[in-house]
Amino acid sequence: DFFDLGGHSLLALKMLARVHDAFDVELYLTTVFERPRLGALAGAVAERVVADAAVDDLAVLLAELEAEGPA
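Definitions and limits used
Residues numbered from 1 in each chain as written. Predicted model: local features only at pLDDT ≥ 70, side-chain atom pairs only at ≥ 80, totals over all residues. Heavy atoms only, no water. Phe/Tyr/Trp six-rings, centres within 6.5 Å; stacked < 30°, edge-to-face > 60°. Helix = DSSP H or I, 4+ residues; strand = E, 2+ residues; numbered from the N terminus. Buried < 20%, exposed > 50% of the residue type's maximum accessible area, 1.4 Å probe, protein only. Salt bridge = Lys/Arg side-chain N within 4 Å of Asp/Glu carboxyl O.

**Digging into the packing of aromatic side chains**
Any two aromatic rings considered together are summarised by their centre-to-centre distance and by the angle between their planes. Under the definition given, this model contains 2 aromatic pairs. A ring pair is formed by Phe 3 and Phe 33, whose centres lie 4.9 Å apart and whose planes are at 25°; its orientation type is stacked. Of this pair, Phe 3 sits in the segment before helix 1 (9–23) while Phe 33 sits in helix 2 (residues 29–34); the two residues are 30 residues apart in sequence, bridging distant segments of the chain. For Phe 3, a relative accessible area of 25% gives the class partly exposed. Grouped by ring-pair contacts, the aromatic residues Phe 2, Phe 3 and Phe 33 constitute a single cluster.

**Quick look at the pattern of salt bridges**
It is possible for side chains of opposite charge to pair when their charged atoms get near one another. In total, this model carries 2 salt bridges according to the counting rule given. Ionic pairing is found between Glu 47 and Arg 35, a salt bridge with its closest N-O pair at 3.2 Å. Here Arg 35 lies in the loop between helix 2 and helix 3 (38–68) and Glu 47 lies in helix 3, a separation of 12 residues in the sequence. A relative accessible area of 47% means that Glu 47 is categorised as partly exposed. For Arg 35, a relative accessible area of 27% translates into the label partly exposed. Between Arg 48 and Asp 52 there is a salt bridge, with the nearest N and O atoms lying 2.7 Å from each other. Of this pair, Arg 48 and Asp 52 both sit in helix 3, separated by 4 residues, roughly a single helical turn.

Spelled out as structure tokens, the structure:
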């Protein structure tokens, strides 16, 4: 548990900045409070990576469809 190991809100913000740098995902501070265990935080990062990838893939697909014009 992040907080049982001495973590606090300022360290959580620092950790979230490092997660952002490493994985290019943005998590909210509330995520650390809701999921203080390492496995749960890793799950939150994975969920965000998948969600962001899905949005990016959709944007590429929409751009390709718009480039083709009406059928």
